[in-house]
Amino acid sequence: MTLASSSATRSLEVIAGRFHPPDQIDAIDAIGSGNVNDTFLVRLARESNPDAFVMQRINTQVFTRPDLVMGNLIALGRHVQRRIASGLPELDGRRWEVPRVLSTLSEDRHWVEHEGQFWRSISYIGAATAHDVVSDCAHAREVGYGLGMFHHLISDLPVEALADTLEGFHVTPAYLKRYDCVLSAWPGANCDVDGDVDVDATRLSEAFAYVAQGRAGADVLEAACSRGELQRRPIHGDPKINNVMIDESSGQAVGLIDLDTVKPGLVHYDIGDCLRSCCNPVGEEVSDLSKVRFDLGLCRSILEGYFSVARAFLSSADLAYLPACIRLIPFELGLRFLTDHLEGDRYFKVERRGQNLDRALVQFALMRSIENQFEAIEALVVELTSTT
C-alpha cells in the first residue's frame, strides 16, 4: 500500500474494501477539482490486469436524496450502454465510455453509508485526461463533440425515467429570489457575515451592480419553457470543461464524468455551461479581471463539434434561444457564487474567505464580454445552424 497512516486514510481503506477485495487495493489518492463532492482514485494491484476505480463521498447537504442520484446514474448507464451496443454511426469507430456504477461486494447495493457519510464507486475512464482550460480550437471542438454525443445518446431517454434530484438547479429566477432574500438580511457592503470590516466592499458593490444589470433577463429560458417553446429533456447539468474526458493518445473526447447532476432540464443549461467554462481562456480562478474574455473562436469550435452529432434533435426554438443561454449561464453562476459568499461559503468549497466573491466577479466579467459580442454570437449560431 502507498497510503499514509491516519484515521482518515483508514476510513478510506475500509470504504474502498466494501467495493473491492482489500488485498488488491494498492493506493487511494484524491483527484479532481470539484467544488461539491470529494473524489478519490482507488488503484488496484493485480498481476494479470491492473485497474482502478473512482470513489466519491457525496455531499448530502447538496444532494439530499443520494439514493435518487444513484437511481439516475443507473438508469442513464443502462440506456447509454444499450444504445452503444446497438451500433451508432455517429461514433464511427471512436471510443466512448460512460462511467459504470459499481456494486458492493457483500450486498446488492450501489453505495455505502459509513459514519453518516454516503459513498459510491464508479468505473474509471483510463488513458484519458480532464483539463481545466481549453488548449486550442481542436480541443474545443472535441469538448463540443463530447457534449453533443452525450446529448445524442440520452435524447431518447424518457425524461420521466429520471428523478429531479436538484429542484431549482439552473432555474435562474429561483437563484435571483434567493439572492434577494440573502441580500435583504446583509448588514451592508462594508461588513461581512461576522460583522467585521470587509476590505472587499468595493468589489462587493461591483458585484451588486452586475446583478442589478443582469436581473431583467433572468427568466428568459424558464419563461420560454412555460410558454411551451422549450421542452425539458435529460441533461448532464454540469458539463464544464473538466468533466469532458479527452483520450491521451488520439485527443478525442471519450466520455463525460461527474454525473450526479443528471436530471430533467433544458439542454440550454448544458450548452451555456459548457461554453461558459471553455471560452474563457484564463480559467475560473483568475485574479486579473481584465484578462477575462469570451473567445468567439473557441465558441465556434465547440458549437461545430456539438452540432456535428446533436443537431438533429434540436428544434428551431431550441436554436433561437442558444445566444440567450450563452449570456445567462455566466450570470447565473456568478449570482450563485455571490450569494454563497454572502451566506458564508456554505455551498461551494473554498480555500479562503473571499474566493467565492472572486469567482463571482470572473463570471460577471465573462458576461460583460459576451454582451459586448452578442450580435456576433447571434450571427455565429445562425451561420452554423443554417449550414449544419
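In this text, all values refer to a predicted model and were calculated from it rather than measured experimentally.

This next bit is on the overall build of the chain. When you go through the chain residue by residue, the secondary structure sums to twelve helices and ten strands. Against the 2.2 N^0.38 benchmark of 21 Å for 388 residues, the chain shows a C-alpha radius of gyration of 21 Å, consistent with a compact globule. In terms of overall dimensions, the chain has C-alpha extents of about 60 × 55 × 35 Å along its principal axes. Here the chain, with 388 residues, has 54% of them falling under the buried criterion. Intrachain contacts of the chain at a sequence separation of at least 6 include 73% that bridge at least 24 residues. Summed over all atoms, the accessible surface of the chain reaches about 16,800 Å², with 49% contributed by carbon and sulfur.

One finds Trp96, Leu275, Phe294, Leu338 and Phe364 to be the most contacted residues of the largest nonpolar core, which totals 105 residues. Looking at which element gives the most residues to this core, the answer is helix 10 (residues 322-342), with eleven residues. The contacts of Leu275, once residues within four sequence positions are left out, are Phe294, Cys299, Ile302, Leu303 and Ile326. Of all hydrophobic cores here, the second largest spans 14 residues; its members include Ala16, Phe53, Val112 and Trp119.

This part is about the packing of aromatic side chains. In this structure the tally under the stated criterion is seven aromatic pairs. A centroid spacing of 6.0 Å and a plane angle of 35 degrees characterise the contact between Phe40 and Trp119, whose relative ring orientation is tilted. You can see Phe40 sitting in strand 2 (residues 38-44) and its partner Trp119 sitting in strand 5 (residues 117-123), a full 79 residues away along the chain. Residues Phe40 and Trp119 agree in their burial class; the two are buried.

A few words on the state of the cysteines. In a disulfide, the sulfur atoms of two cysteines are covalently bonded to one another. In this structure the tally under the stated criterion is zero disulfides. Not engaged in a disulfide, the cysteine Cys278 finds its nearest cysteine sulfur in Cys274; these two sulfurs lie 4.2 Å apart. On the accessibility criterion, Cys278 (1% relative accessible area) is buried. No disulfide involves Cys325; its sulfur sits 9.4 Å from the nearest other cysteine sulfur, which is in Cys299.

One open sheet accounts for three strands, arranged 6-8-9; its pairing is antiparallel. Of all strands in the sheet, those with a lone pairing partner are strand 6 (128-129) and strand 9 (253-256), marking the two edges. Examined bridge by bridge, strand 6 and strand 8 (residues 244-247) share two bridges and lie antiparallel to one another. Looking at the pairing, Thr129 lines up with Ile246 of strand 8. The sheet strands contacting helix 3 (residues 137-154) are strand 8 and strand 9, and the helix crosses strand 9 at an angle near 50 degrees.

What follows is about the pattern of salt bridges. Counted under the stated rule, the structure contains 29 salt bridges. Residues Arg178 and Glu343 are paired through a salt bridge, measuring 2.1 Å at the closest nitrogen-oxygen approach. Here the residue Arg178 occupies a position in helix 4 (residues 172-184), and Glu343 occupies one in the loop between helix 10 and helix 11 (355-372), the gap between them amounting to 165 residues. Salt bridges here are not isolated pairs; linked through shared partners, they connect Asp38, Arg57 and Lys349.

Looking now at the packing of helix 7 (residues 267-278) against helix 8 (residues 296-310). Viewed as axis vectors pointing N to C, helix 7 and helix 8 meet at an angle of 140 degrees, and their least axial separation amounts to 10 Å. Note that helix 7 runs across helix 8; the crossing there is right-handed. The segment helix 7 lies against helix 8, with Ile271, Cys274, Leu275 and Cys278 engaging Leu298, Cys299, Ile302, Leu303 and Tyr306. Here the contact of helix 7 with helix 8 is composed, by residue class, of nine nonpolar, no polar and no charged.

The next subject is helix 4. Residues spaced three or four apart along an α-helix face the same direction, because each turn holds 3.6 residues. Here helix 4 contains 13 residues, and its C-alpha end-to-end distance of 18 Å stays within 8% of the 18 Å for a straight helix at 1.5 Å per residue. Each element contacted by the buried residues of helix 4 is listed here: helix 5 (201-214) and helix 10.

What follows covers unusual backbone geometry. Phi is positive for His170, which is not a glycine, with a value near 70 degrees. Among the secondary structure elements, His170 is positioned in the loop between helix 3 and helix 4. For His170, a relative accessible area of 3% translates into the label buried. For Asp258, which is not a glycine, the phi torsion comes out positive at approximately 55 degrees. Locating Asp258 in the fold gives a position in the loop between strand 9 and strand 10 (263-265).

With respect to the secondary-structure elements, Ser277 resides in helix 7. With residues up to four places along the chain from it excluded, the contact list for Ser277 reads Pro239, Lys240, Ile241 and Glu284.

Alignment of strand 8 against strand 9, held across three bridges, turns out to be antiparallel. The residue bridging Ile246 from the neighbouring strand is Ala253, located in strand 9. Between strand 8 and strand 9, which pair antiparallel and follow one another directly, the connecting turn spans five residues, one of which, Gly251, has a positive phi of 75 degrees.

Turning to the environment of Ser6, a few remarks are in order. Structurally, the position occupied by Ser6 is in the segment before helix 1 (7-19). Ser6 sits 290 residues away from Leu296 along the chain, and the two C-alpha atoms are 49 Å apart.

Time to look at the sheet that holds strand 2. Taken in spatial order, the five strands of this open sheet run 1-2-3-5-4, and their pairing is antiparallel. The open sheet terminates on both sides in strands that have one partner only, identified here as strand 1 (25-31) and strand 4 (112-114). Within the sheet, the average angular offset between the axes of one strand and its neighbour, ignoring direction, is 30 degrees. Alignment of strand 1 against strand 2, held across six bridges, turns out to be antiparallel. Looking at the pairing, Asp29 lines up with Leu41 of strand 2. With respect to the sheet, helix 1 is in contact with strand 1, strand 2, strand 3 (51-58), strand 4 and strand 5, its orientation differing from that of strand 4 by roughly 155 degrees.

Cut-offs applied
Residues numbered from 1 in each chain as written. Predicted model: local features only at pLDDT ≥ 70, side-chain atom pairs only at ≥ 80, totals over all residues. Heavy atoms only, no water. Helix = DSSP H or I, 4+ residues; strand = E, 2+ residues; numbered from the N terminus. Rg over C-alpha atoms; globule rule 2.2 N^0.38 Å. Buried < 20%, exposed > 50% of the residue type's maximum accessible area, 1.4 Å probe, protein only. Contact = heavy atoms within 4.5 Å. Areas by Shrake-Rupley, 256 points an atom, 1.4 Å probe, with all protein chains shown as cover. Core = buried A, V, L, I, M, F, W, Y, C linked by side-chain atoms within 4.5 Å. Phe/Tyr/Trp six-rings, centres within 6.5 Å; stacked < 30°, edge-to-face > 60°. Disulfide = S-S within 2.5 Å. Pairing = 2+ DSSP bridges. Axes fitted to C-alpha atoms, helices over the stretch in contact; angles between N-to-C directions. Salt bridge = Lys/Arg side-chain N within 4 Å of Asp/Glu carboxyl O. Left-handed = near helix turned anticlockwise from the far one by under 90°. Nonpolar A, V, L, I, M, F, W, Y, C, P; charged D, E, K, R; others polar. Expected span 1.5 Å × (residues − 1).

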